[in-house]
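The lines below spell out each chain.
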Amino acid sequence: MPNSRRSGTTERYREAVSAYFFLLPSLVVLSLFVFGPLVFILAVAFFDWNLFRPEQHFLGAANFVELAGDELFFTALRNTAVYALGVVPIQTLLALLLALAVNQNIPARGFFRAAFYIPAITSSVVTSIIFLWIYSKPGLLNYVLSWFGIVGPDWIGSPKYALGAIMALNVWSTSGYFMVAFLAGLQAIPVSLYEAARIDGASSWGRFRHVTVPGLKPTLFFVVTLGIIGTFQVFDQIYMMSAGGPVNATTTLSYFIYISAFRYFRFGYAAAAAVVLFAIILLVTRVQQKIARPEAP
Amino acid sequence: MTGRVRDLSRRAIVLVLLLVATGIFTLPFLWSLSISFQPAGDVFRWPIELIPDEVTLQNYRRLWTEIPFARWLLNSSGVALAVTLANLFLDALAGYAFARLRFPGRNLLFALLLATLMVPAHVTLVPKFMLLNALGLVNTYTALIAPAMVQVVGIFLMKQFFESIPRQLEEAARIDGCNRFQVFWRVVLPASRPALAALGIYTFQGNWNEFLWPLVVTTTSDRFTLPVGLAMFRYEFRVEWTMLMAGAVLIALPTLLIFLVFQRLFIQGIATSGLKG
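Residues numbered from 1 in each chain as written. Chains lettered and ligands numbered in written order. Predicted model: local features only at pLDDT ≥ 70, side-chain atom pairs only at ≥ 80, totals over all residues.

1. A look at the overall build of chain A
(1) Moving on: Within chain A, the regular secondary structure consists of 13 helices and two strands.
(2) Moving on: Relative to the compact-globule value of 19 Å for 297 residues, chain A shows a C-alpha radius of gyration of 25 Å, a clear excess of over 25%.
(3) Moving on: Based on the C-alpha atoms only, the size of chain A along its principal axes is roughly 90 × 75 × 30 Å.
(4) Moving on: Burial status across chain A gives 40% buried among its 297 residues.
(5) Moving on: Sequence separation of 24 or more characterises 69% of the internal contacts of chain A that already satisfy a separation of 6 or more. (Helix = DSSP H or I, 4+ residues; strand = E, 2+ residues; numbered from the N terminus. Rg over C-alpha atoms; globule rule 2.2 N^0.38 Å. Buried ≥ 20, exposed ≤ 12 C-beta atoms within 10 Å, placed from the backbone. Contact = placed C-beta atoms within 7 Å.)

2. Quick look at the overall build of chain B
(1) Moving on: Check the secondary structure of chain B and you find 13 helices and zero strands.
(2) Moving on: Going from the N terminus to the C terminus, chain B shows its helices and strands as α-α-α-α-α-α-α-α-α-α-α-α-α.
(3) Moving on: At 24 Å, chain B has a C-alpha radius of gyration far larger than the 19 Å of a compact globule built from 277 residues.
(4) Moving on: In terms of its C-alpha atoms, chain B occupies a principal-axis envelope of roughly 75 × 70 × 35 Å.
(5) Moving on: Counting every position in chain B, which comprises 277 residues, the buried fraction comes to 42%.
(6) Moving on: Considering only contacts in chain B between residues 6 or more positions apart, those separated by 24 or more positions represent 76%.

3. Overview of the interface of chain B and chain A
(1) Moving on: The partner chain A presents 68 residues to the 66 residues of chain B that form the contact.
(2) Moving on: Broken down by secondary-structure element, the contributors of at least two residues to the side of chain B that touches chain A are α1 (2–36), α3 (69–100), α5 (121–134), α10 (193–209), α11 (212–217), α12 (226–236) and α13 (241–275) of chain B.
(3) Moving on: Ranked by residues supplied to the side of chain B that touches chain A, first place goes to α13 of chain B with 14 residues.

4. Overview of α12 of chain B
In an α-helix there are 3.6 residues to a turn, and that puts residues three or four apart on one side.
(1) Moving on: Counting buried positions over the 11 residues of α12 of chain B gives eight, a clear majority of the element.
(2) Moving on: For α12 of chain B, the complete set of buried residues consists of Leu226, Pro227, Val228, Gly229, Leu230, Ala231, Phe233 and Arg234 of chain B.

5. Notes on unusual backbone geometry
Residues and elements named next belong to chain A.
(1) Moving on: Backbone geometry at Val247 places phi at a positive 35 degrees, although glycine is not the residue there.
(2) Moving on: Mapped onto the elements of the fold, Val247 is located in the loop between α11 (236–241) and α12 (253–262).
(3) Moving on: Assessed through the 10 C-beta atoms surrounding it within 10 Å, Val247 is described here as exposed.
(4) Moving on: In this model, Asn248 sits at a positive phi of 60 degrees, which is unusual for a non-glycine residue.
(5) Moving on: For Asn248, the position within the fold is in the loop between α11 and α12.
(6) Moving on: The exposure class assigned to Asn248 is partly exposed, which follows from the 17 C-beta atoms found within 10 Å.

6. Focus on the domain arrangement of chain B
Residue and element names in this part refer to chain B.
(1) Moving on: The domain boundaries assigned to chain B delineate domain 1 (1–56) and domain 2 (58–275).
(2) Moving on: Domain 1 and domain 2 are separated by 33 Å when their C-alpha centres are compared.
(3) Moving on: Counting residues at the interface gives nine residues for domain 1 and nine residues for domain 2. (Domains from an automatic or database assignment.)

7. A few points about the environment of Val87 of chain A
All names here are of chain A.
(1) Moving on: If you trace the backbone, Val87 turns up in helix α3 (residues 71–102).
(2) Moving on: With 30 residues separating them in the primary sequence, Val87 and Tyr117 have C-alpha atoms 17 Å apart.
(3) Moving on: When neighbours within four sequence positions are excluded, Val87 is seen to be in contact with Met167, Asn170, Val171 and Thr231.

8. Observations concerning the nonpolar core
(1) Moving on: One finds Ala271, Ala273, Ala274 and Leu277 of chain A together with Val126 and Ala248 of chain B to be the most contacted residues of the largest nonpolar core, which totals 128 residues.
(2) Moving on: With 14 residues, the single largest contributor to this core is α3 of chain B.
(3) Moving on: Filtering out sequence-adjacent residues up to four positions away, Leu277 of chain A remains in contact with Phe232, Leu253 and Ile257 of chain A together with Pro120, His122 and Val123 of chain B.
(4) Moving on: Residues Ala115, Tyr117, Ile118 and Leu183 of chain A belong to the second largest nonpolar core, which totals 27 residues. (Core = buried A, V, L, I, M, F, W, Y, C linked by C-beta atoms within 7 Å.)

9. Notes on the environment of Thr127 of chain A
(1) Moving on: Position of Thr127 of chain A relative to the elements: it lies in helix α5 (residues 124–135).
(2) Moving on: Those residues in contact with Thr127 of chain A, other than ones at most four positions away along the chain, are Pro119, Thr122, Leu169 and Ser173 of chain A.

10. Remarks on the packing of helix α8 (residues 191–199) of chain A against helix α9 (residues 204–215) of chain A
Residues and elements named next belong to chain A.
(1) Moving on: At their nearest, the axes of α8 and α9 sit 10 Å apart, and the two run at 135 degrees to each other. As far as their axial angle goes, α9 and α8 are oblique. Handedness of the crossing formed by α8 with α9: right-handed. When α8 is examined against α9, the residues Leu193, Tyr194, Ala197 and Arg198 are found in contact with a partner set consisting of Gly206, Arg207, His210 and Val211.
(2) Moving on: Taken together, the residues of the contact of α8 with α9 sort by class into four nonpolar, two polar and two charged. (Axes fitted to C-alpha atoms, helices over the stretch in contact; angles between N-to-C directions. Parallel < 35°, antiparallel > 145°, perpendicular 65-115°, else oblique. Left-handed = near helix turned anticlockwise from the far one by under 90°. Nonpolar A, V, L, I, M, F, W, Y, C, P; charged D, E, K, R; others polar.)

11. Focus on the packing of α3 of chain A against helix α10 (residues 217–232) of chain A
Residue and element names in this part refer to chain A.
(1) Moving on: α10 packs onto α3 with a crossing angle of 145 degrees between their chain directions and a minimal axis gap of 9 Å. With respect to the hand of their crossing, α3 and α10 are arranged in right-handed fashion. From α3, Thr80, Tyr83, Ala84, Val87, Val88, Gln91, Thr92 and Ala95 reach across to α10, where they touch Val223, Val224, Gly227, Ile228, Thr231 and Phe232.
(2) Moving on: Looking at side-chain class alone, the contact of α3 with α10 contains nine nonpolar, five polar and no charged residues.

12. As for the environment of Ala120 of chain A
All names here are of chain A.
(1) Moving on: Take Ala120: it is sitting in helix α4 (residues 109–121).
(2) Moving on: Residue classification places Ala120 among the buried residues on the basis of 21 C-beta atoms within 10 Å.
(3) Moving on: In sequence terms Ala120 and Asn63 are 57 residues apart; their C-alpha atoms lie 37 Å from each other.
(4) Moving on: Among residues more than four places away in sequence, those in contact with Ala120 are Ser173, Thr174, Gly176 and Tyr177.

13. Quick notes on the confidence of the model for chain B
Residues and elements named next belong to chain B.
(1) Moving on: The predicted model of chain B has a mean per-residue pLDDT of 88, with 94% of residues at 70 or higher.
(2) Moving on: Here residues 273–277 scores under 50 on pLDDT; set against residues more than four positions off or in separate chains, the count is 11 contacts.
(3) Moving on: Scored as a whole, the predicted complex attains pTM 0.89, and scored at its interfaces, ipTM 0.88. (pLDDT = per-residue confidence, 0-100.)

Okay, here's the thing in structure tokens:
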């Protein structure tokens, strides 16, 4: 075939052209709504940008300087840190325990798995409404506490407890999701490893420590990464339950960004805060990767 | 013998703990269901009666007559369906290019897409809103649908699936003279029903529950989706618990039914999208 080389290159060329056609719609959508905004937000952060004015003023770093002196911003940072540090370890541990329990040889495993997963597929608006009822002063939680002679507070109305109460709701609603991730991880560990450990005389704790734990490392990494990104974005429950209050006790970074833009219409300022949020997430996940990166297979 | 007893008692303890956990995870839903059938009034009477003395449909009726619940239901369904169909087609199309076609920039592009999974919604929220505002699209269905038409997770899921199916059928279709799109449309998609079903369910459920974006991009009640409408109802009037719970039940019901019917696909979806990187 004398022409094979030429037709080989045109074939390659055609393949690439069709690939770009296949990708075109996705790339247009992602460019408009993800890549473009990522670039644009870096610009907006340096402006005093207000949608209700025809022209915008360049500010330089002034938005960032103002953030550095904004007490509410630091409250939001602190609340976000407390939120993530509280929720991520607890939901990860709970998800792991649930997965280990459901993975045992017990009746009705599918039923339990489904039951734990239901909060994760339910609208956050719905779970927020239900927990508002549970947490209210005459609500279910205080009724249960009254059995033990405890007079509970109005949980969401108290600056001391509101954030913790929303954190508990978050653990409740996402543990089931991560349990499924751990279950998949558990089932991916080869049975032969457990048998080898048994032959070597490992106790059940030894098998857990030396087979299960190392085998779950990639899942753990995934669960913690998603947990961090998720908790840094918590918004729906805060909007629904406490609107950032009382006295800003539940104002998180994402809520701060939202009110800066959509209540005070300070888009440049909100963009600057969003840039800080993104930088923190990148930093935290990078540190976490350094500590716990699963070895590439 | 003692080993067996110990094993049995350990399993019994695990079972009891699991039952307690089941109560914690599911009873809140049963209570909200129960409250939604109570007559308006005191919802804090203890102990709770899961089956109220007086069962009424009044709360559900009022959702239809006193607030634009039907409109929100229509908006939510329409938007979620449009978004799901768009994702099924576009994610599969892009996933197929990554799975089967060679082109310059393939690895770079794929890495770029994966990197976007780290971008939180709040980071792109403000510029996304400004773009739609500049285009005069705030408070339109386009604004609700367009940004959600493609998901990187969906592209990734479809790519993984396409890589797992044999190439023979596609090669045969090529020899028969189909072009690449025809191969994709007539041969690959029909063979991808399980993956498409998983993606469709995942997308529908995610979009149905979406709150932040519809909250910022809709401004009038006739464009609200269900979660936004119910949130506004909570803030606009004094808290009407029985009606709120009826609304909550109706929002939760479709995702719950879909989950119970297609459980296996949900679990698979997480397992493949999240873990087998």
